[in-house]
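Here's the letter readout for the chains.
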Amino acid sequence: MHDGNSSLATVIEQHATGKELAFLSVVIIGRNEGAALGRCLGSVQAMDYPADKLELIYVDSQSTDGSPDRAEEQGALAIRLQGGRMTASRGRNAGWKAARGEFILFLDGDTEIDRGFV
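The structure presented is a predicted model; accordingly, all values stated were derived computationally and were not measured.

Asker: Hey, could you run me through helix H4 (residues 88–98) in this one?
Answerer: It helps to recall that an α-helix has 3.6 residues per turn; residues three or four apart then point in one direction. Inspection of H4 places Gly91, Ala94 and Gly95 among the buried residues, and these make up the whole buried set. Down the axis of H4, the buried side of the element spans an arc of 100°, and every buried residue falls inside it. Check the buried side of H4 and you find it contacts strand S1 (24–30), strand S2 (54–60) and strand S3 (77–80).

Below, the structure written as structure tokens:
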């Protein structure tokens with residue numbers, strides 16, 4: 001988990017200099033994201049970052065379109081929220097609690113990132 005002494009700039013510097021890269025958790029939240037979720041996950045997987053240093057977590061807010069299954073099919077851990085009020089903060093909190101990375105990147109399910117984002 002994040003120790004408070006590091007930053008995303010540290011990850012970028014390590015990547016640029018060839019030093020050991022930090023383990024990165026990408027937490028994606030959404031509800032009924034459909035094809036947008038597939039594009040989001042695909043863009044994360046296409047990042048110029050080693051797959052063995054990357055963890056994908058999708059937190060779902062009671063989708064009815066199969067979004068959690070889609071996420072799992074694309075290699076993400078899917079967390080299905082049940083009951084209570086569905087909010088972005090609740091999804092992000094569930095995601096960071098499950099994350100194992102030194103750094104956590106939060107995305108919405110319709111976000112597509114550039115290959116060199118991290």
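Read on for the rest.
Asker: Before we go on, may I ask you to explain the confidence of the model for the protein in this structure?
Answerer: When pLDDT drops low, the exact placement of atoms in the prediction is not to be read closely. Mean pLDDT over the protein works out to 89, with 85% of the residues at or above the 70 mark. For the protein, per-element mean pLDDT is lowest for helix H1 (residues 8–17), which scores 65, and highest for S3, which scores 98.

Asker: Explain the pairing of S2 to me, please; I cannot follow it from the model alone.
Answerer: Along any regular strand, the residues point their side chains to alternate faces of the sheet. With seven of its seven residues buried, S2 lies for the most part within the structure. By the alternation rule, side chains of S2 split into Leu54, Leu56, Tyr58 and Asp60 and Glu55, Ile57 and Val59, which are all buried. Across seven bridges, the pairing between S1 and S2 is parallel. Looking at S2, one finds that Ile28 is bridged to Tyr58. Of the crossover connections in this fold, the one passing from S1 over helix H2 (residues 35–45) to the parallel S2 is right-handed. Pairing geometry for S2 and S3, over four bridges, is parallel. Residue pairing for S3: Val59 is matched across the bridge by Ile79.

Asker: In this structure, what is going on with the environment of Ile57? I would like to understand it.
Answerer: By secondary structure assignment, the location of Ile57 is in strand S2. Classification of Ile57 by relative accessible area gives buried; the value is 0%. Distance in space between the C-alpha atoms of Ile57 and Val27 is 4.8 Å, their sequence separation being 30 residues. Every residue in contact with Ile57, bar those within four places of it in the chain, is listed here: Val26, Val27, Ile28, Leu77, Ile79, Gly95, Ala98 and Ala99.

Asker: Any chance you could explain the nonpolar core here in plain terms?
Answerer: Among soluble globular proteins, nonpolar side chains are generally buried collectively. Counting 21 residues, the largest nonpolar core has Leu24, Val26, Ile28, Val44, Met47 and Leu107 as the members making the most contacts within it. At the level of elements, S1, H2, S2 and strand S4 (103–108) are the ones that each hand at least two residues to this core. Residue contributions to this core peak at four residues, all from H2. In this view, Val26 contacts Val44, Leu54, Glu55, Leu56, Ile57, Leu105 and Leu107; residues no more than four positions away in its chain are not counted. Residues Val27, Ile29, Ile57 and Ala94 belong to the second largest nonpolar core, which totals eight residues.

What counts and what doesn't
- Residues numbered from 1 in each chain as written.
- Predicted model: local features only at pLDDT ≥ 70, side-chain atom pairs only at ≥ 80, totals over all residues.
- Heavy atoms only, no water.
- Buried < 20%, exposed > 50% of the residue type's maximum accessible area, 1.4 Å probe, protein only.
- Helix = DSSP H or I, 4+ residues; strand = E, 2+ residues; numbered from the N terminus.
- Arc of directions from axis to C-beta.
- Contact = heavy atoms within 4.5 Å.
- pLDDT = per-residue confidence, 0-100.
- Pairing = 2+ DSSP bridges.
- Right-handed = clockwise from strand over helix to strand, strands pointing away.
- Core = buried A, V, L, I, M, F, W, Y, C linked by side-chain atoms within 4.5 Å.

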